Amino acid sequence: MDAEAEANTPPEPINNILTPFAQVIDKLVDYGDPLENPITGQALKISEVKVAMPLELRVEPKAAARVALKASAPTQKTETTIMPVFHRLTLRIVINDGEF
């Protein structure tokens, strides 16, 4: 896309910027398989992960008195008069006997 077309493209609606909260958590805890050296047998295994970050949350009303919780890293870089509410997320995942 050229610069002129990009400049004329409307911003993505906030509903499409934010991801369902469960998917955000899934991405944060998906740190991959252990790193193993097949020659020496040595391995690097993660036993605990702690993530602390600002998080923009949005509660969206759905049909039948339900809501959807969506989240992302802060979406605004420039301070404006009406800023979204930022929350602080701290997530700690500990592996216990090979299971979460």
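In case you missed it, the structure is sitting above this.
Keep in mind it's a predicted model, so treat the numbers as computed, not measured.

Calculation rules
- Residues numbered from 1 in each chain as written.
- Predicted model: local features only at pLDDT ≥ 70, side-chain atom pairs only at ≥ 80, totals over all residues.
- Heavy atoms only, no water.
- Salt bridge = Lys/Arg side-chain N within 4 Å of Asp/Glu carboxyl O.
- Helix = DSSP H or I, 4+ residues; strand = E, 2+ residues; numbered from the N terminus.
- Patch = residues over 30% accessible without salt bridge, like charges linked within 9 Å, V, L, I, M, F, W, Y side chains within 5 Å.
- Areas by Shrake-Rupley, 256 points an atom, 1.4 Å probe, with all protein chains shown as cover.
- Pairing = 2+ DSSP bridges.
- Core = buried A, V, L, I, M, F, W, Y, C linked by side-chain atoms within 4.5 Å.
- Buried < 20%, exposed > 50% of the residue type's maximum accessible area, 1.4 Å probe, protein only.

Re the pattern of salt bridges
For the structure on display, the rule yields three salt bridges. Ionic pairing is found between Lys-70 and Glu-60, a salt bridge with its closest N-O pair at 3.6 Å. With Lys-70 in strand 5 (residues 66-72) and Glu-60 in strand 4 (residues 48-62), this residue pair connects regions lying ten residues apart in the sequence. Through salt bridges with shared partners, a single network forms among Arg-58, Glu-60, Lys-62 and Lys-70.

A few points about a nonpolar patch on the surface
Taken together, the side chains of Leu-57, Val-59, Val-67 and Leu-69 present a nonpolar region at the surface, about 340 Å² in accessible area. Among the secondary structure elements, Leu-57 is positioned in strand 4.

Here's the deal with the pairing of strand 5
Pairing of strand 1 (residues 19-20) with strand 5 involves two bridges; the strand directions are antiparallel. Paired with Pro-20 across the bridge in strand 5 is Lys-70. Here strand 4 folds back onto strand 5 in antiparallel fashion, the turn holding three residues, of which Ala-64 has a positive phi close to 60 degrees.

Looking at the sheet that holds strand 6 (residues 86-94)
Read from one edge to the other, the open sheet built from four strands follows the order 1-5-4-6, with strand pairing classed as antiparallel. Looking at the sheet topology across the chains shown, the edges are occupied by strand 1 and strand 6.

A few points about the nonpolar core
Core analysis: the biggest nonpolar cluster contains seven residues, these being Val-24, Val-49, Val-51, Met-53, Leu-55, Ala-71 and Leu-89. Of the residues forming this core, the biggest block, four residues, is contributed by strand 4.

Worth remembering: the numbers are spatial, not functional.
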